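# Topology and contacts: notes
Okay, here's what each chain looks like letter by letter:
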Amino acid sequence: MQLAGFRPDRLLEEREKLGWSQGDLALRITAVLRERAGIDIDDDRGPKVTTSAISTWERGKSTPTADNLAAAAGLLGVATDYLIDIPEEQRTLRTLRELSGRTQPTLAAQTGISSGLLASLERGHASLTDDVATRLAGRLNLSVEAIRAAYLRGRRHRLAAPGASPGRTEMHRPSH
């Protein structure tokens, strides 16, 4: 799935400012990913970013995954939201996750929810409970209100899509 708002021109510009080749950036991202996974840098079984991948990202033919983008941003010394240009008032749950540099399985595990539930929330197919909103807010270092607003934006976007069925549109809030 493509990263919405990805700015390949900024990735290219920042890499060139450092005087790195596409291969240099690919090797550095690979090293970061392997280190995070606790895998030796020379172990070919670990995650790998290729020069070809960097080239396709910079030409806008594909986009990096959220974790690859976060690694690239860190190496280039820029914020992830510099490389993903989406105004705050348009950010959805998916955008917030991607800006944090997490994949769905990673954020789901960190918040104690299933990847399937997180995917459904991002698509606006599941109801956001207070408990899950609080967990996501804590992990993403945002307010619960910011999480709810992003969820609603994603839900409205889904409902506005051609052929979308209205279904339930309210958030589930357990009564106390």
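Refer to the structure above for everything that follows.
Residues numbered from 1 in each chain as written. Predicted model: local features only at pLDDT ≥ 70, side-chain atom pairs only at ≥ 80, totals over all residues. Heavy atoms only, no water.

What follows concerns unusual backbone geometry. One non-glycine residue, Asn 141, lies in the positive phi region at around 60 degrees. By secondary structure assignment, the location of Asn 141 is in the loop between helix H9 (130-140) and helix H10 (144-160). (Helix = DSSP H or I, 4+ residues; strand = E, 2+ residues; numbered from the N terminus.)

To continue, consider the pattern of salt bridges. Inspection of the entire model under this criterion finds 11 salt bridges. A salt bridge links Glu 14 to Lys 17; its shortest N-O distance comes to 3.1 Å. Highlighted residues: Glu 14 and Lys 17, both in helix H1 (residues 8-17), separated by 3 residues, approximately one helical turn. The exposure class assigned to Lys 17 is exposed, which follows from its relative accessible area of 56%. Here Glu 98 ties to Arg 94 by a salt bridge, and the two come within 2.8 Å at their closest N and O atoms. Placement of the pair is Glu 98 and Arg 94 together in helix H6 (residues 93-99), with a separation of 4 residues, close to one helical turn. The two residues Glu 98 and Arg 94 agree in class, both being buried. One network of salt bridges, with partners in common, ties together Arg 7, Asp 9, Arg 10 and Asp 85. (Salt bridge = Lys/Arg side-chain N within 4 Å of Asp/Glu carboxyl O. Buried < 20%, exposed > 50% of the residue type's maximum accessible area, 1.4 Å probe, protein only.)

We now examine the environment of Gly 124. Mapping Gly 124 onto the fold places it in the loop between helix H8 (115-123) and H9. Among the residues examined, Gly 124 registers a relative accessible area of 0% and is labelled buried.

Turning our attention to the packing of helix H2 (residues 22-37) against helix H4 (residues 66-76). It is the contact of H2 with H4, at a shortest axis distance of 9 Å, that shows an interaxial angle of 115 degrees. As judged from the angle between their axes, H2 and H4 are roughly perpendicular. The hand of the H2/H4 crossing is right-handed. In this structure, H2 contributes Leu 25, Arg 28, Ile 29, Val 32, Leu 33 and Arg 36 to the contact, and H4 contributes Asp 67, Asn 68, Ala 71, Ala 72, Leu 75 and Leu 76. Classifying every residue of the contact of H2 with H4 gives 8 nonpolar, 1 polar and 3 charged. (Axes fitted to C-alpha atoms, helices over the stretch in contact; angles between N-to-C directions. Parallel < 35°, antiparallel > 145°, perpendicular 65-115°, else oblique. Left-handed = near helix turned anticlockwise from the far one by under 90°. Contact = heavy atoms within 4.5 Å. Nonpolar A, V, L, I, M, F, W, Y, C, P; charged D, E, K, R; others polar.)

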